[in-house]
Protein chains: 4
Amino acid sequence: MTPFSAIFVPQELRDAVSDHAWVQGMLDAERALAQACAAAGLVPQEAAARIAEACRAELYDPEQLAEEGRAVGNPAEPLVRALRERVGPDAADAVHPGATSQDVVDTAAMLVSRRAVSLVLARLDGLADGCAELARTHRSTPMAARTLLQQAVPTTFGLKAAGWLAGSVEARRTLAAVRGERLAAQLGGAAGTLAALGEDALEVVRRYAEELELAEPVLPWHTSRQRIAELGAALAAAAGAAAKVGVDVTLLAQTEVAEVAETSPGGSSTMPHKRNPISSALAVACARLASAHASVLLTSPAHEHERAAGSWHAEWEALSGALSFAGGAAAAAADAVIGLEIDSERMRANLDASGGLVVAERISYALAPRLGRGEAHAVVAAAASARSFREALLADGRVGLSAEELDSLLDPSGYLGSAEALVDRALAVYEGAR
Amino acid sequence: MTPFSAIFVPQELRDAVSDHAWVQGMLDAERALAQACAAAGLVPQEAAARIAEACRAELYDPEQLAEEGRAVGNPAEPLVRALRERVGPDAADAVHPGATSQDVVDTAAMLVSRRAVSLVLARLDGLADGCAELARTHRSTPMAARTLLQQAVPTTFGLKAAGWLAGSVEARRTLAAVRGERLAAQLGGAAGTLAALGEDALEVVRRYAEELELAEPVLPWHTSRQRIAELGAALAAAAGAAAKVGVDVTLLAQTEVAEVAETSPGGSSTMPHKRNPISSALAVACARLASAHASVLLTSPAHEHERAAGSWHAEWEALSGALSFAGGAAAAAADAVIGLEIDSERMRANLDASGGLVVAERISYALAPRLGRGEAHAVVAAAASARSFREALLADGRVGLSAEELDSLLDPSGYLGSAEALVDRALAVYEGAR
Amino acid sequence: MTPFSAIFVPQELRDAVSDHAWVQGMLDAERALAQACAAAGLVPQEAAARIAEACRAELYDPEQLAEEGRAVGNPAEPLVRALRERVGPDAADAVHPGATSQDVVDTAAMLVSRRAVSLVLARLDGLADGCAELARTHRSTPMAARTLLQQAVPTTFGLKAAGWLAGSVEARRTLAAVRGERLAAQLGGAAGTLAALGEDALEVVRRYAEELELAEPVLPWHTSRQRIAELGAALAAAAGAAAKVGVDVTLLAQTEVAEVAETSPGGSSTMPHKRNPISSALAVACARLASAHASVLLTSPAHEHERAAGSWHAEWEALSGALSFAGGAAAAAADAVIGLEIDSERMRANLDASGGLVVAERISYALAPRLGRGEAHAVVAAAASARSFREALLADGRVGLSAEELDSLLDPSGYLGSAEALVDRALAVYEGAR
Amino acid sequence: MTPFSAIFVPQELRDAVSDHAWVQGMLDAERALAQACAAAGLVPQEAAARIAEACRAELYDPEQLAEEGRAVGNPAEPLVRALRERVGPDAADAVHPGATSQDVVDTAAMLVSRRAVSLVLARLDGLADGCAELARTHRSTPMAARTLLQQAVPTTFGLKAAGWLAGSVEARRTLAAVRGERLAAQLGGAAGTLAALGEDALEVVRRYAEELELAEPVLPWHTSRQRIAELGAALAAAAGAAAKVGVDVTLLAQTEVAEVAETSPGGSSTMPHKRNPISSALAVACARLASAHASVLLTSPAHEHERAAGSWHAEWEALSGALSFAGGAAAAAADAVIGLEIDSERMRANLDASGGLVVAERISYALAPRLGRGEAHAVVAAAASARSFREALLADGRVGLSAEELDSLLDPSGYLGSAEALVDRALAVYEGAR
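Numbering of residues starts from 1 in every chain and runs along the sequence as written. Labels follow written order: the first chain is A, the first ligand is 1, and so on. Confidence filtering applies because this is a predicted model: local features only for residues at pLDDT of at least 70, side-chain atom pairs given and counted only at 80 or more, and all residues used for totals across whole chains, interfaces and linings. Derived side-chain values reflect all non-hydrogen atoms in the structure, with water molecules and hydrogen atoms excluded from consideration.

1. Examining the side chain of A:Arg362
Residue and element names in this part refer to chain A. Where we set the bar: The helix and strand labels rest on DSSP assignments: H or I over at least four residues marks a helix, E over at least two residues marks a strand, and numbering proceeds from the N terminus. Each residue's exposure class comes from its accessible area (1.4 Å probe, protein chains only) as a fraction of the maximum for that residue type: buried when under 20%, exposed when over 50%, partly exposed otherwise. Charged residues are defined narrowly, with Lys and Arg counted positive, Asp and Glu counted negative, and His plus the chain ends left uncounted. Every case where a carboxyl oxygen of Asp or Glu lies within 4 Å of a side-chain nitrogen of Lys or Arg is listed as a salt bridge. Whenever two N or O atoms come within 3.5 Å, that pair is a polar contact, provided that in protein one can donate a hydrogen and the other can accept it, and provided that, for residues adjacent in sequence, both atoms are side-chain atoms. Whether two residues touch is decided by their heavy atoms; if any such pair falls within 4.5 Å, the residues are in contact.
By secondary structure assignment, the location of Arg 362 is in helix α13 (residues 360-371). Although Arg 362 is buried, it makes no salt bridge; Asp 411 carries the closest opposite charge, 6.5 Å away. One polar contact links the side chain of Arg 362 to the main-chain carbonyl oxygen of Ser 408, over a distance of 3.4 Å. A distance of 2.8 Å separates a polar atom in the side chain of Arg 362 from the backbone oxygen of Leu 409. Filtering out sequence-adjacent residues up to four positions away, Arg 362 remains in contact with Ser 408, Leu 409, Asp 411, Gly 414 and Tyr 415.

As structure tokens, then:
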């Protein structure tokens, strides 16, 4: 239902979750089933071959499948009918043997997800690459760290980018693991006992999963939806990692902060000074939508008995949306960081604007060994409320530092702590993960 | 992104939230703005007339607008450019005077909502009509009331349907009120001060709202989104009323209960006995999706300053989805109740299956005046655990009722309480609301 | 389960949703029921009087009620037992006549909500008062309006505060309407037919509602939870209005913006320069939690048949949380605005920092009549990318403005549009609403 | 805020997330920090020892900490002050060296989670054990499988229980993995650079994590909250596995189905026949609440810069709630399955009630090889609409089966497919996981 979806979601991803893609997923399931049954001797090889030929999505009209599907509540039943018609009477009996509509739709969901997740992962890779580049280049570029949006102490822009990087790498790892381990074939028959497949049922399941290169589940999972929930959670987390970048870039790009600018900010014909961080805003918007869709997958009512009356049907939209918007978030965040313009002079100017207050903590710790923590803080607090922090410290007899010593302490670039070492740690993890 | 959307959402509603509909909404806003400005003497009448002619959605390609809109984060900016080009140099300056993209998109959201809500209301009307018919017809048809899904005491099917009816009427009232009172024009200019419209700005706003037949807000509401949240809540409530019907019908249609059947239940080629309550399941699924979309509108992070960086952009999909799936839920629930087959014999049989236990409460209350509440309960509890409740009561000397008296008390149709009077109350409200 | 709840929720509100308050609500329901039955002649007046005396929460141990309630899934059943024991055998039979546990718990929910909502409303009033004060005082104080967090055009701080004010007033109105119209007595008996109350049942319901000063519903609403959902939506909206204030104050209080400071910002012993906008952060946090709790009320699965198996039980926590955190959000936002320190010089300095670019729109519109919109924008855009916007405009022969004329146009305080008039509109609504 | 929390959450778990537990968590962090610093030579060993002695929660008043914490927005700052006071001037300077409040609160969150998750896991173990027992005992007990709540084909109760088992085992594995790998120490100092800890900072972090037996993170994770989100997702999934049991038991316990009954169902004094599946209802309610709390952790707005203004503060309640209610859900579901009364005769009777229709699929597949799939279905469908399915089949010349052959096919216990083999697979995984 997304209006103007091209604003949010890359074309590739929209294609990957389109009706066409879902139809192809269902047809892939049907082909694999026919082949698995043929291998087990349950249907003729020629029939399976004829079915395989007919399993191309372009031969079917998704809109018509949906309209016919309304009466039975899913698109698989009309697709099976259409497929039977297409393969002709000889092969028709070999179509969909022993399976139920949910087998086909759930397997399609897994195949759609496999393809779409790979696109999301590619976007996360782009995001991670962009962040790594920034982290490396600005490993030692001082800037103000901000807590509750207030300047706290110095950090480096590299460490900020390393935080984004670590988030992307973490999200990528989790999502890749779900893709690798949790996407499973679905085949249970009418209600999960595989009764219509007879003695060879479990062997058919094994071959079917193998054919599709999906995991073989311990049990049919018609109403055990944890793998769907895990996929949803991983997509929400990926979108969240992207949104973190979007929020930080938006804040850093504020007119009054002006430390970064997106490489292609959005303009305004009447306000030529505007450099709207559009990609960042889209990352945030997509993350919000990905979360909402994922929450349907994560927090649904339990699926009743052997097939749910509603909770199952709600998953298709939620899954398509979570995949799309997670990819949209990662793509937009990548757009935001790639080529991000960094104004290190402005970072320094913002750091210096407080006249040394941004390293008040450092002065405090420097004085503490001699004065005790309590008095050290009192000295610093008093100086902090003076007109000039530096002058007040120099004037306070308890401080006992020369102007030179004090100026050295007040230099924010000398109080970066472990920022650079932490950047190196994050880069090492990133490089190890490639 | 909804796969197979025709399964869930009526065509009319899909059209009402389509990209085409959004484009028309934006164009309606532009036309009204030009006309309001012309009336205020800010732009030439002829230019406004030329603009009005060009404000037909079929003249623009939504996909292209979306692609161009990605750079600026919204579809209004490219639309304004295209509109200017179309009206030619003489009228171009009269396009979009003093307005900002959000003015146009937000106004379009209101117009899209107005149209789509009217379709949702029509579906709720259908649902209410169907429920009223059932409530009237089965005002006195005894059935078991069930709490925690256990038979409790008798009720009538009419009262159950009256409950669905009251829910639909309530949801309709709330949604109609939001449509009538809370859909407001948006016009604030670049950041809510209307500065570019000069002295006449507020007059232009008044005319603009009038032209669009939308409410005139006290302030521009670029970042004050309560009307959007209220709309979301009303749509979620409407979907919830539909889902209540879906859940109850699904439960009543269970093989072991079999008190109702949808008029066109979903079948299965291999299981001809199945009478799947598909419409009910779709109502539940749609309600889940409507809720999830509405929750984006209801629980979004606050919109920053004078335009949000992301929260705004996330609304378009959420609103379209909430409208669509609320309508889908109401339509499916209406499908479920209209022509619903009621098996009043089975209702009676289910009531009788407990051998009178379903009116144990009645016996208890009947004995209490003489035995005291405590002993009355003890007598009833003892009899309840016997093989035959009736025989045990007759055999218990404390009961002191003749077989005739007891049988009269044990008749579930004699213990309907105020069920019929309550049905009448609900019908009166329904009829008053038409 | 809230850790350190005093950080988030005022004591009064915590009391209002405490176990004690819920017990008192249940007892109020029992007292009203006994009195209504006595008035209808169903139980003796003396028994009703004895019951009334025993209906004081301090006589019961909520923890014990909860522990005993686990076996039956609600606290009303053990409370009724305790109440019967306390009033003695003569009055015991007059306790809880014809009612079910849900009647008592739902009515208690309404009474708890009535009290707690009044506390939330008082906090919203405080917030509105604080915003109104700011809107009035700073009606004409120029500051930068910001879209996507970028300076756009000038506005006044008064208009920003008026936006907060309008949000609070709107939220207050909606919440007060729900409190006034939607809080209804619950009395349906075992399953909504009121059978155990006999002929006089509806009369008892009427008196019961009257006694409690709650609305009398058309039908018992055991599984028709729209009023609960509306309450949840109104609480989420109230919290959202508070969060809007929190977000804006946090952004304005940033070190680099520094236009406002909370009157009691949070400090840091080692970073004496920090002025953490703690109240604003708490408003945002509370709003997030209020939303999450409200979403349980808004988006729950439908309640099955005549009493839900789980969805009902989940409401108690969700309702208590939504009430508490909505109140916490409003209280924290009020703390943020009351005494908010406004630095109008800094507002002006931030406006001036762009060297006139913040009024680029104005120049553009000023030149358009003579040059045409297109060329006017081109002139302004060219100047905007020069070192000095003003100098570039003066140097451009097409501009045709004297330095004096240009400086007048470049003065941000001359481009406030309808800001002041809009402030007046919002104040008028606020004053009308008191 | 949970009213009557003992109804929902086991005492142990309430204790594990109590204010007391959070205070102890913060104190454990302080002790570990002092010890790590002492080991690195940054503070005296004796001071660290004195601090360790003072790190007992019973020495502090959580309510007071919360009240004082309101001003700074967290409970750590007042706790540090109280701890300094308690250890006296000599050790005071060794308290909280180089740390920030978030370090302490986040580490406490991890410690609280570690303890509470272990309690949730124990409940999941209990649930799994109960399910395994049922799966083993009823491996071959025939019952109707139900899709969309309609009887579909036979299955075994063992397979249903095996599905619950697999869900519990899966949820347990995921949650245990999060507990084992993702709970990490937090130590970053004022804004993540560890500057105040000087050269040895990373060594202090290493020792601190080691001391606490928590993972050492690559970077401080003040605003990188994926581990929190993963914990939330795992808790929601655990609750979901419990809710699945609750929903199925509730449905099976319906009066008209009556295949199972909880061992201690909830009763009613006036309706002695009621056997309310209270534990199941509580499992469903807890799962709903766990999901809502988890969704705060999963779908929060991104945390800004180096400390969030609100999103962080909202986590404490959400985490405590998710832990509590996930545990409550697992505990209630375990209560539901342990001792669950199984009525295998009723299961058989329900299966038989359709007169063989429940194996219509089998007849269809049996006839297909000879008649072709199409005609086989037509034969079966025709018979299905007759008064007696069996008689109609016998009467249809195309069927060609003797009464004996037909009766054998119509026996539901002969059409269990791979149910038993699947039970064995699930049990093997369960046993392998112990």
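Structure's up, so let's keep going.
2. Structural notes on the relation of the copies chain B and chain A
Keep this limit in mind: Least squares is the method for superposing the copies, and the C-alpha atoms it fits come from residues with pLDDT of at least 70 in both.
Least-squares fitting of chain B to chain A yields an RMSD of 0.0 Å, with the transformation described by 0.0 Å of translation along the axis and a rotation of 180°. Classification of the inter-copy transformation places it as that of a two-fold axis. The overlap is high: 100% of the interface residues of chain B also sit at the interface in chain A, so the same surface is used on both sides.

3. Thoughts on the nonpolar core
Filter applied, for reference: By convention a nonpolar core is built from buried Ala, Val, Leu, Ile, Met, Phe, Trp, Tyr and Cys residues, the set being connected through side-chain atoms within 4.5 Å.
Within the largest apolar cluster, 598 residues are counted, with the highest numbers of intra-cluster contacts made by A:Trp164, A:Leu175, B:Trp164, B:Leu175, C:Trp164, C:Leu175 and D:Leu175. Once residues within four sequence positions are removed from consideration, A:Leu175 is found in contact with A:Val117, A:Val120, A:Leu121, A:Leu124, A:Leu231, A:Ala234, A:Leu235 and A:Ala238.

4. Comments concerning the packing of helix α10 (residues 226-252) of chain B against helix α7 (residues 157-181) of chain C
We apply this condition: Throughout, an axis means a line fitted to C-alpha atoms (over the contacting stretch in the case of helices), and angles, computed between N-to-C directions, take values from 0 to 180 degrees. For classification purposes, an angle smaller than 35 degrees is called roughly parallel, one larger than 145 roughly antiparallel, one from 65 to 115 roughly perpendicular, and anything else oblique. Amino acid classes used here: Ala, Val, Leu, Ile, Met, Phe, Trp, Tyr, Cys and Pro are nonpolar; Asp, Glu, Lys and Arg are charged; the rest, including Gly, are polar.
Across the interface, α10(B) lies against α7(C) with an axial gap of 11 Å and an inter-helix angle of 30°. Classified by the interaxial angle, the pair formed by α10(B) and α7(C) is roughly parallel. On the side of α10(B), the interface is formed by B:Gln226, B:Arg227 and B:Glu230, while α7(C) contributes C:Gly167, C:Glu170, C:Ala171 and C:Thr174. Broken down by class, the residue content of the contact of α10(B) with α7(C) amounts to one nonpolar, three polar and three charged.

5. Brief notes about the interface of chain A and chain D
Each side of the interface is counted separately: chain A has 83 residues, and chain D has 82 residues. A:Arg373 is the partner of D:Asp93 in a salt bridge, and the nearest nitrogen-oxygen pair spans 3.4 Å. Applying the counting rule to chain A against chain D returns 34 residue pairs in polar contact (both at pLDDT 80 or more). With 13 residues, the top contributor of residues to the side of chain A that touches chain D is helix α9 (residues 226-252) of chain A.

6. Side note on the packing of helix α13 (residues 360-371) of chain C against helix α16 (residues 403-410) of chain C
Each pair of packed helices can be summarised by the angle the axes make with each other and by the distance between the axes. Residue and element names in this part refer to chain C. Running from N to C, α13 and α16 point in directions that differ by 130°, and their axes come no closer than 9 Å. The orientation of α13 relative to α16 falls into the category oblique. Residue-level contacts link Arg 362, Ile 363 and Ala 366 of α13 to Leu 406, Ser 408, Leu 409 and Leu 410 of α16. Looking at the contact of α13 with α16, its residues break down into five nonpolar, one polar and one charged.

7. Side note on helix α12 (residues 314-337) of chain B
Residue and element names in this part refer to chain B. Selection criterion: Multiplying one less than the number of residues by 1.5 Å gives the expected span of a helix.
The terminal C-alpha atoms of α12 lie 35 Å apart, and with 24 residues this matches the ideal 34 Å at 1.5 Å per residue to within 8%. Counting buried residues along α12, 23 of its 24 residues qualify, which places the element largely inside the surrounding structure. Gly 339 occupies a position one or two residues after α12 and carries a positive phi of about 75°.

8. Some points on the environment of C:Ser295
Within the fold, C:Ser295 resides in helix α10 (residues 278-298). Among the residues examined, C:Ser295 registers a relative accessible area of 16% and is labelled buried. Note: C-alpha distance between C:Ser295 and C:Ala318 (23 residues apart in sequence) is 8.3 Å. Filtering out sequence-adjacent residues up to four positions away, C:Ser295 remains in contact with C:Ser300 and D:Arg288. Reaching out from C:Ser295, the side chain makes a polar contact with the backbone oxygen of C:Ala292 at a distance of 2.9 Å.

9. Some details on unusual backbone geometry
Even without a glycine there, the phi angle at A:Leu149 is positive, about 65°. When you line up the elements, A:Leu149 lands in the loop between β1 (142-147) and β2 (150-156). Classification of A:Leu149 by relative accessible area gives buried; the value is 2%. Unlike most non-glycine residues, B:Leu194 shows phi in positive territory, near 60°. Structurally, B:Leu194 can be placed in the loop between α8 (157-181) and α9 (201-212). In this structure B:Leu194 comes out as buried when scored by relative accessible area, which is 1%.

10. Digging into the relation of the copies chain A and chain D
In the superposition of chain A on chain D (RMSD 0.0 Å, axial shift 0.0 Å), the rotation amounts to 180°. Here 99% of the contact residues of chain A are again contact residues in chain D; the copies associate through an equivalent surface.

11. Re the interface of chain B and chain A
Stated formally: The term buried area means the drop in 1.4 Å probe accessible area that two parts suffer when joined, counted for both and summed.
Every contact between the two is made by 60 residues of chain B and, on the other side, 60 residues of chain A. Between chain B and chain A, roughly 4800 Å² of surface is buried when both sides are summed, and carbon and sulfur atoms account for 67% of that area. Per-residue buried area on chain B facing chain A is highest for B:Met1, B:Phe4 and B:Arg70; these three make up 20% of the total on that side. The interface formed by chain B and chain A contains four salt bridges. Among the salt bridges present, the one from B:Arg70 reaches A:Asp335, with a minimum N-O distance of 3.2 Å. The interface formed by chain B and chain A contains 15 residue pairs in polar contact (both at pLDDT 80 or more). When the residues that make up the side of chain B that touches chain A are grouped by side-chain class, the tally is 34 nonpolar, 18 polar and eight charged.

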